[in-house]
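Chain by chain, the residues run as shown.
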Amino acid sequence: MDWTSAQLRSLVELTRRGTVTAVAEALGYTPGGVSQQIAALEKATGMELLQRVGRRVELTDAGRTLALHAERILATEAEAVEALERTRNEVAGTLRVGLFTTAAAEILPPVLRAARATHPALLVRSRDMDVDELYDAVTSGAVDLALGLDYPDAPIRRDPALRVLRLYRERFALAVPAGSMAGRKRISLADTQDLGWILPAADSFYGRAVRAACRRAGVEPEVQHEVTDTAATLALVEAGVGVSMVTELMLRLRSSRCDVVELRETIERHIVVVFRTSAQHRPTVAALVEVLQAVAKTHRGEAGTRRAAR
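Described below are features of the structure shown in this document. (Residues numbered from 1 in each chain as written. Predicted model: local features only at pLDDT ≥ 70, side-chain atom pairs only at ≥ 80, totals over all residues. Heavy atoms only, no water.)

**Considerations on the side chain of Thr102**
- Here Thr102 shows up in helix 5 (residues 101-106).
- Residue Thr102 is classed as buried on the basis of its relative accessible area, which comes to 5%.
- If sequence neighbours within four positions are ignored, Thr102 has contacts with Ile107, Thr230, Leu249, Leu253 and Arg269. (Helix = DSSP H or I, 4+ residues; strand = E, 2+ residues; numbered from the N terminus. Buried < 20%, exposed > 50% of the residue type's maximum accessible area, 1.4 Å probe, protein only. Contact = heavy atoms within 4.5 Å.)

**Structural notes on the sheet that holds strand 5 (residues 145-150)**
- Reading across from one edge, 4-3-5-13-6 is the order of the five strands in this open sheet, with mixed pairing throughout. Each edge of the open sheet is held by one strand with a lone partner, namely strand 4 (122-128) and strand 6 (162-171). For this sheet the average axis-to-axis angle between neighbouring strands, irrespective of direction, equals 25°.
- Pairing of strand 5 with strand 13 (residues 268-276), which is carried by six bridges, proceeds in the antiparallel orientation. For Leu147, the partnering residue across the bridge sits in strand 13 and is Val273. (Pairing = 2+ DSSP bridges. Axes fitted to C-alpha atoms, helices over the stretch in contact; angles between N-to-C directions.)

**Here we look at the packing of helix 1 (residues 5-17) against helix 3 (residues 31-45)**
- Packing of helix 1 against helix 3 leaves a shortest axis separation of 9 Å and a crossing angle of 110°. Between helix 1 and helix 3, the angle is such that the two are roughly perpendicular. Mapping the contact onto sequence places Ala6, Gln7, Leu8, Ser10 and Leu11 in helix 1 and Val34, Gln37, Ile38, Ala40 and Leu41 in helix 3.
- Counted by class, the contact of helix 1 with helix 3 contains seven nonpolar, three polar and no charged residues. (Parallel < 35°, antiparallel > 145°, perpendicular 65-115°, else oblique. Nonpolar A, V, L, I, M, F, W, Y, C, P; charged D, E, K, R; others polar.)

Okay, here's the thing in structure tokens:
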């Protein structure tokens, strides 16, 4: 039958996520685009794959049957891609990489330079995504690997089908309005009870991690502004409307005029690379992971030198 991988992937994701909107967010399409993929698949099969139940859509028996086989087809396709890559005498091919904004700005450029130098036939196509969607994007096959964040206080789920390798460990400090804590080099979260916070939503991994750390210290953060974007968060701290957590990498995104105070508690985030376990020996994936690890090692060495010089 005349169908495409994108159409099959949309169908498989619909069985996992339940709504066209959720599938669109995971695969980077519009809801209309997902609907078009399913409609094209119905035309190719000559069968109805979805049925409307109230305001929702559900897969028909034919849709569920095809989705089951679609997973096998996509797995076989991935195996074929790996086998074809192995026939080449060099690392060559296209890799789809998902990443969050900070990684796009601070990590991707040196990685691309290093990849071009060592593997000139490797083409990397990147896509900026919501950091909390990256893990699912790898699971679904929307991207081949992703640079994401993992928080010890709100860890991403572990799945035998996926590999999660830590590249960087970053410790959080507290960003405060300039001059508001003059003379204080360190602070405990227990001392932030009366401070207004700028944080992402409580259902995000980052939001959960910070709230968990504060509660462990015996305080409930009073969140006055729910903001995800790092640059916007720092701008609000500069304006004197609250405090927020920051790391070295976050501060490098934007020159800021706020003060940074060390935290007595050790609160971390880990920058990780995520890829499917079945693809770990695929030449292009293995090569880019190796480049990522080498760049991370260099960055860690430079960061240590900067801290020692302070």
